Amino acid sequence: MSLLGQVSATLNKTIKEFLRQKTVLFWTIAWPIIWVLIGSFSFTGNVPDEMIPYTRGSITISMMSFALMTAGMANLPGNIAEDRERGLLSKLMSMPVRPWRDSIGRILALLAFSSLAAVLVILVGFVCGARFSCTMTGVLESIGFLLLTSFASAGLGMLIGTFIKHVHGAIMTGVGISVVTASISGVMAPYASLPELLQNFARIYPISSVNSSITYLLAGEKYAGYIPLTTSQTTLTTIISILLFAAGLIAYSRFCWRKE
Amino acid sequence: MDAINVENLTKRYGNNEVLKEVDLTIEEGEFYALMGPNGSGKTTLASIMASVRSATSGEIRIYGRKPESAREFIGYIPQENFSSPILTGRENLMYFAGMLGYSKSEAERIVNELLSKIGLSEDADKRVSHYSGGMRKRLEVATALFPGTKILILDEPTTGLDPSARRKFLGLIREVKGEKTTILLITHIGTDAELASRVGLIDKGEIIAEDEPERLKETSGLKNVINIETTIKSEKVANALSDFSEEQKVLETDLGYRVYCKDVGKVTPKIVRSLDAIGCKTTKIETVKPSLEDVFFKLTEKAVGG
């Protein structure tokens, strides 16, 4: 039995399904792009002219994080719930298929789709006048941080997809968690404007912490609101991201593929 | 050679015993239909064979192996439409070929053969959401026809299909069945079950009768059945008809009732008059041969479709 066969078959199927579903395209690509457009032209009224390109840059980074959040937390569980609801998981259980190969295929599809969404959001940001002040090392580090966002979101997404059985329930739970957590953790609102309790949450919640790290690397401390690139903060973010990912992977492999 | 051997199989969900010490043997190459109403345990039994569910106690052997070790032989088609509606027919089959470990070139060759076998070559590149119910079911059956499948387990495959699509679909199953392919058809439709070489009737988790379809009818003792289509269906109508039926048993069907009696010639006009008297018009009345639904009703006093 070919390992690559099962992984690449799942990858191909999942990416095609992501690209052909209007709700997926809307929440992961259109919605963040709409906010880049709105934010770039509406939220820069009181910003000094020389700061506008970097403000647009930080808005673009936030929307890129949001795109990755919805991809992992809404699209992935939606896809899992749909496959379960229409009996595909039962069919796969009757075949010589290993759950972890299916999981890897789904996650690779998510990474590919998330990358596409991130690139499109950045391109729209550039078109709107977003600029970044960064080095090549900063860009590479940011890509690493984006991977952490994807893993944390995928972990949460697999948990949602495992425990929420219905497709719309899974999607709306994912969208809801994305929107709410993005709003209260400094992804959609400036970190500095958050009350202390939420600032603490923003440092623990890996997606907002990563968002701040990327903003710090590409736009500067002023836009991040604090210095997130300390050893303790980066270690905490990495550990929580990996734990969420592992929890999602274990829950999916055990409970979605469990025999009744 | 036994393809499937089930011994003392029991399945419980809490206190609810869905299967009760079921014994069943299906030989290699046999076409076996398991017929019973909703909730009789037939889907549970099929899904345990396909290693989708586990048994509480008892044993299943597929060619002498546990179901989990025999998954490469089994082509299981669950009741639901599991194909992806936003992928094309070809893309769906390529996905399953990949899951079975075929290389791209091998998969393309086999998928083309399967599409031609199930008559979907021309529609292969259309999205499944544009397929009719029958086309989608044929596509799903193709996922179980990859080389190496020895046992086809079809769970209610004709549910939701119109009579014409159902006939076409079952014709296809007979055509694609290789000599050594064993088929287990789960159904609640008698005419579907009659295509099998052997039928098992299942009720409340127990197989209550098992034989060739014609022998099941013969041994049931049923001779004549009057099939009546009426303008209304009510308890009053059923009571009126029960006076004419053996043991006062009347089977309710989609369009009317079935009455069991010995002297059809004498009883038929009386039935029409009796129904007229209570204001129920008879739109059709005919004498027919007993069906497997009638046999099931005789044994359990329950409609298999209800």
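Refer to the structure printed above.
Keep in mind it's a predicted model, so treat the numbers as computed, not measured. (Residues numbered from 1 in each chain as written. Chains lettered and ligands numbered in written order. Predicted model: local features only at pLDDT ≥ 70, side-chain atom pairs only at ≥ 80, totals over all residues. Heavy atoms only, no water.)

Asks: Looking at this structure, how should I read the overall build of chain B?
Replies: Helix and strand counts for chain B come out as ten helices and 13 strands. Counting only C-alpha atoms and orienting by the principal axes, one finds that chain B spans roughly 70 × 45 × 35 Å. Put simply, chain B has 306 residues, and 53% of those count as buried. Counted over contacts in chain B with a minimum sequence separation of 6, partners at least 24 positions apart contribute 70%. (Helix = DSSP H or I, 4+ residues; strand = E, 2+ residues; numbered from the N terminus. Buried < 20%, exposed > 50% of the residue type's maximum accessible area, 1.4 Å probe, protein only. Contact = heavy atoms within 4.5 Å.)

Asks: Is there a simple way to explain the environment of Val128(B) in this structure?
Replies: Residues and elements named next belong to chain B. Of note, valine 128 is situated in the loop between α3 (104–117) and α4 (133–142). Taking relative accessible area as the criterion, valine 128 reaches 1% and is therefore assigned buried. Along the backbone, valine 128 and serine 84 are 44 residues apart, and their C-alpha atoms lie at a distance of 6.9 Å. Apart from the residues lying within four places of it in its own chain, the contact partners of valine 128 are Ser83, Ser84, Pro85, Leu87, Thr88, Gly89, Asn92, Arg136 and Leu139.

Asks: Can you walk me through unusual backbone geometry in this structure?
Replies: Of all residues except glycine, most have a negative phi; of all peptide bonds, most are trans. Residues and elements named next belong to chain B. Residues other than glycine seldom take positive phi values, yet tyrosine 63 does so here, at roughly 50 degrees. Its place among the elements puts tyrosine 63 in the loop between β4 (57–62) and β5 (74–77). The class of tyrosine 63 is buried, set by a relative accessible area of 13%. Despite not being glycine, glutamate 301 has its phi angle at roughly 60 degrees, a positive value. Within the secondary structure, glutamate 301 sits in the segment after α10 (292–300).

Asks: What is the right way to read the interface of chain B and chain A from this model?
Replies: Size of an interface, as often reported, equals the accessible area lost when the parts are brought together. With 33 residues of chain B at the contact, the number on the chain A side is 26 residues. Of the roughly 2,700 Å² buried between chain B and chain A on both sides combined, carbon and sulfur atoms contribute 60%. Remark: the boundary between chain B and chain A carries three salt bridges. The closest approach of N and O atoms between Glu91(B) and Arg20(A), which form a salt bridge, is 2.8 Å. For the pair chain B and chain A, the interface holds ten residue pairs in polar contact (both at pLDDT 80 or more). A per-element tally of the side of chain B that touches chain A places helix α2 (residues 89–99) of chain B first, with five residues. (Buried area = accessible area lost by both parts, 1.4 Å probe. Salt bridge = Lys/Arg side-chain N within 4 Å of Asp/Glu carboxyl O. Polar contact = N/O pair within 3.5 Å; in protein donor to acceptor, adjacent residues only side chain to side chain.)

Asks: Got a minute to help me understand the sheet that holds strand β1 (residues 2–13) of chain B in this structure?
Replies: Sheet strands line up and pair through hydrogen bonds in the backbone, either parallel or antiparallel. Residue and element names in this part refer to chain B. The strand order across the open sheet formed by three strands is β2-β1-β4, and the pairing between neighbours is antiparallel. Two strands bound the open sheet, and with one partner strand each, they are β2 (16–27) and β4. Averaged over neighbouring strand pairs, the angle between their axes works out to 15 degrees when direction is ignored. Along the sheet, helix α1 (residues 42–49) contacts β1, β2 and β4; its crossing angle with β1, the most-contacted strand, is approximately 120 degrees. (Pairing = 2+ DSSP bridges. Axes fitted to C-alpha atoms, helices over the stretch in contact; angles between N-to-C directions.)

Asks: Where do I start with the packing of aromatic side chains in this structure?
Replies: Centre distance and the angle of the planes are the two values used to describe a pair of aromatic rings. Residues and elements named next belong to chain A. Per the stated rule, a full pass over the model turns up 15 aromatic pairs over all chains. Ring centres 5.3 Å apart and planes at 55 degrees place the aromatic pair tryptophan 27 and tryptophan 31 in the tilted group. Of this pair, tryptophan 27 and tryptophan 31 both sit in helix α2 (residues 22–42), four residues apart, which is roughly one turn of that helix. Take tryptophan 31: its relative accessible area is 23%, and that puts it in the partly exposed class. For the pair phenylalanine 201 and tyrosine 205, a centre-to-centre distance of 5.1 Å together with 15 degrees between the ring planes defines the contact as stacked. (Phe/Tyr/Trp six-rings, centres within 6.5 Å; stacked < 30°, edge-to-face > 60°.)

Asks: Would you take a moment to explain the packing of α2(A) against helix α3 (residues 52–85) of chain A for this structure?
Replies: A pair of packed helices is captured by two measures, namely the crossing angle of their axes and the spacing between those axes. Residues and elements named next belong to chain A. Where α2 meets α3, the axes come as close as 9 Å, and the angle between the chain directions of the two elements is 165 degrees. Judged on the interaxial angle alone, α3 and α2 are roughly antiparallel. For α2 against α3, the interelement crossing comes out right-handed. Residues Val24, Trp27, Thr28, Trp31, Pro32, Trp35, Val36, Gly39, Ser40 and Phe41 of α2 form the contact with α3, whose participating residues are Arg56, Ile59, Thr60, Met63, Phe66, Ala67, Thr70, Ala71 and Asn75. Class assignment of the residues belonging to the contact of α2 with α3 gives a composition of twelve nonpolar, six polar and one charged. (Parallel < 35°, antiparallel > 145°, perpendicular 65-115°, else oblique. Left-handed = near helix turned anticlockwise from the far one by under 90°. Nonpolar A, V, L, I, M, F, W, Y, C, P; charged D, E, K, R; others polar.)

Asks: Would you mind showing me how to read the pairing of β5(B) here?
Replies: Side-chain positions along a regular strand alternate between the two faces of the sheet. Residue and element names in this part refer to chain B. Because side chains alternate across β5, one face comprises the buried residues Ile74 and Tyr76, and the other comprises Gly75 and Ile77, equally buried. With four bridges connecting them, β5 and strand β6 (residues 151–155) associate as parallel partners. Paired with isoleucine 77 across the strands is leucine 154, a residue of β6.

Asks: What should I look at first to understand the side chain of Asn79(A) in this one?
Replies: Residues and elements named next belong to chain A. The residue asparagine 79 is located in helix α3 in this model. Judged by relative accessible area, which is 3%, asparagine 79 ranks as buried. Setting aside its immediate chain neighbours within four residues, asparagine 79 contacts Lys13, Thr14, Glu17, Phe18 and Arg106.

Asks: It is not clear to me how the sheet that holds strand β12 (residues 256–260) of chain B should be interpreted in this structure. Could you clarify?
Replies: All names here are of chain B. Spatially, four strands are ordered β11-β12-β10-β13 in an open sheet, and the strand pairing comes out antiparallel. Here the strands that pair on one side only, and so sit at the sheet edges, are β11 (250–252) and β13 (282–288). Neighbouring strand axes in the sheet, compared pairwise and without regard to direction, differ in orientation by 20 degrees on average. Bridge count for strand β10 (residues 225–230) against β13 is six bridges, and the pairing is antiparallel. Along β13, the bridge assignment pairs threonine 230 with threonine 282. Docked against the sheet, α10 engages β10, β11 and β12, running at close to 125 degrees with respect to β11.

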